[in-house]
Amino acid sequence: MASRIVAKKLEKRFGHIHAVRGIDLEVPAGQVLGFLGPNGAGKSTTMRMITGFLEPTSGTVELEGISLADNPIAAKRTFGYLPEGAPAYPDMTVEEFLAFIAQARGFRGRDAKDRVERSIGRVNLQGVRKQAFETLSKGYKRRTGLAQALLHDPGILILDEPTDGLDPNQKFEVRELIKELGGDRAIVLSTHILEEVEAVCTRAIVINKGQIMFDGTPAEMEARAPREVTKNRMDHVFRMITTGDVADAKGGRR
Amino acid sequence: MTKAPSTITTGIEMSAAKRIAVVFRREFRSYFQTPLAAVFLVIFLFLAGFFTFNMGNFYERNNSDLRPFFEFHPWLYVFLVPAVSMRLWAEERRTGTIELIMTLPFGVSDLVIGKFLAAWAFTTLALSLTFPVWITVSWLGNPDHGTIVVAYIASALLGGAFLAVGSFVSALTKNQVIAFVLCAVACFVLLLAGFPAVLDYLRGWAPRGVVEGLASSSAFSHYDSMMRGVIDLRDLLYFLLVIAAFLVINVFTIDWKKSD
């Protein structure tokens, strides 16, 4: 099956800063891609280029075969996006906000109502549906953001730190939800929690200074840690790849 | 968590008009979700009445028209319109929702037009609530209703022009206070450029072409002649052009500044 997300040679410069330096990415259906990297590595910038919020300095993005540059509105129908920090309108209630998203996705009347209900149910927002977004706890805000991204059942989900700020129970629930959704969707999620990658992702990419430093399965990533490292092996590999001051599997220094 | 059905759909395709309508509805409703609408309407109506009856010598003039009422509108708008427009984009950027709406299936122009129309509908609603003034003058005398209708249209257009300026200014900054001040100054300059005192001063030394150019680019002279009940296509065109021009630069500004 063709890849749902195809990004080619993405570059982004902000003035003198070269934030993303040639990222190629193909995500087929059924893949849950964990996007890793230190703060400022270019994770959010890459996600913003894939979702069309930022225009790449060069490179192309195709979503479900639709070119983002040539047909942005059609391309933007294909995915759900949880931006960093899960923003929403502070004065709107959860219900009102999701109703707006349903309208923005073109749903009307009964159909829109059903979508909002299903979205609320999926991420357990029943208890806060009449509350203004600004009064919600961080966890509920994040879940409202997820509900918004899932509302139109897209084949592509792009989630920027979906579990940030959630308590361990909520993290577990969101991971279960992502696993469940993974079946026939292409999911890209960024995270700082490496155990999360092991728990939900089928593929891990580590980027540093705007370049892909590792691309493989979480198991392959873990296997790169030297044998003598027994605890937090993923963390070790992460540091190895992104700082280069930790010994790698071959015993040398990068 | 309930079991997620695995049917994949994409959103439904919409025409530009429908997309603008979705943006418009959310924006227009947002005025009433905060005290902004109530505060704005009360202050606008109070000041419109105060200027007309106290400072405009409405009764002493012994004329049954609404000149004193409309004469003060530009000055009311100079500081009330920025209060409406300052949040249009600055708020989206402050809360981060700009990233959300720009990745929903909208074009930038859908967002700019939808938001502008919502703000304009709001100020026009405030203006339309001044109808008791019209009733009063009709009851006291026999005004020329045609003139009043034209003056109302002029006032709505002036508000629209200022809003377009304000929407553009709001896109330049995250800070609503800065957006307010910049918009007020810009509107003030747009008005003042055609003010008789300013033009007379300039006539002393500036080339004639500059003075004439300034006079015709000022909102004041176009408003002033419409306020007297004169419909000139050039005046109408002026306001529509100002609105269109500022909305166009607004679109470019958002593309340019959105990620700051």
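Everything numeric here is computed off the predicted structure, so don't read it as measured data.

Undergrad: Run through the overall build of chain B, naming residues and quoting values.
TA: If you tally the helices and strands in chain B, you get 14 helices and zero strands. Along the chain direction, N to C, the helices and strands of chain B fall in the order α-α-α-α-α-α-α-α-α-α-α-α-α-α. The principal-axis extents of the C-alpha atoms in chain B amount to approximately 75 × 50 × 30 Å. In chain B, the proportion of contacts linking residues at least 24 apart, taken out of those at least 6 apart, comes to 82%.

Undergrad: How would you summarise the environment of B:Phe188 if you had to cite specific residues and measurements?
TA: Structurally, the position occupied by B:Phe188 is in helix α10 (residues 176-192). The sequence separation of B:Phe188 and B:Phe220 amounts to 32 residues, and the corresponding C-alpha distance is 9.8 Å.

Undergrad: Could you give an account of the environment of B:Lys174, with specific residues and numbers?
TA: All names here are of chain B. Residue placement: Lys174 occurs in the loop between α9 (145-171) and α10. Placed 33 residues apart in sequence, Lys174 and Gly141 show a C-alpha to C-alpha distance of 50 Å. Apart from the residues lying within four places of it in its own chain, the contact partners of Lys174 are Ala90, Arg93 and Arg94.

Undergrad: Now, about the environment of B:Val112: what can you tell me, with residues and values included?
TA: Residue and element names in this part refer to chain B. Along the chain, the position of Val112 falls in helix α7 (residues 108-128). Look at Val112 and you get buried, because 28 C-beta atoms sit within 10 Å. The residues touching Val112, leaving out its near neighbours within four places in the chain, are Leu247, Asn250, Val251 and Ile254.

Undergrad: Explain the confidence of the model for chain B residue by residue, including any values.
TA: Across chain B, the average pLDDT comes to 87, with 93% of residues at or above 70. Taken over the whole predicted complex, pTM reads 0.90, whereas the ipTM for its chain interfaces reads 0.90.

Undergrad: Give a description of α7(B) that names residues and reports values.
TA: For α7(B), spanning 21 residues, the distance from its first C-alpha to its last is 30 Å, which sits close to the expected 30 Å at 1.5 Å a residue. The buried count for α7(B) comes to 15 of 21 residues, which makes it a mostly enclosed element.

Undergrad: Tell me about the nonpolar core, and please be specific about residues and values.
TA: Ranked by size, the top nonpolar core spans 149 residues in total, and within it B:Ala161, B:Val165 and B:Cys187 carry the most contacts. With 14 residues, the top contributor of residues to this core is α9(B). No fewer than three residues from each of domain 1 (1-78 + 155-254) and domain 2 (87-153) of chain A sit in this core.

Analysis parameters
Residues numbered from 1 in each chain as written. Chains lettered and ligands numbered in written order. Predicted model: local features only at pLDDT ≥ 70, side-chain atom pairs only at ≥ 80, totals over all residues. Helix = DSSP H or I, 4+ residues; strand = E, 2+ residues; numbered from the N terminus. Contact = placed C-beta atoms within 7 Å. Buried ≥ 20, exposed ≤ 12 C-beta atoms within 10 Å, placed from the backbone. pLDDT = per-residue confidence, 0-100. Expected span 1.5 Å × (residues − 1). Core = buried A, V, L, I, M, F, W, Y, C linked by C-beta atoms within 7 Å. Domains from an automatic or database assignment.

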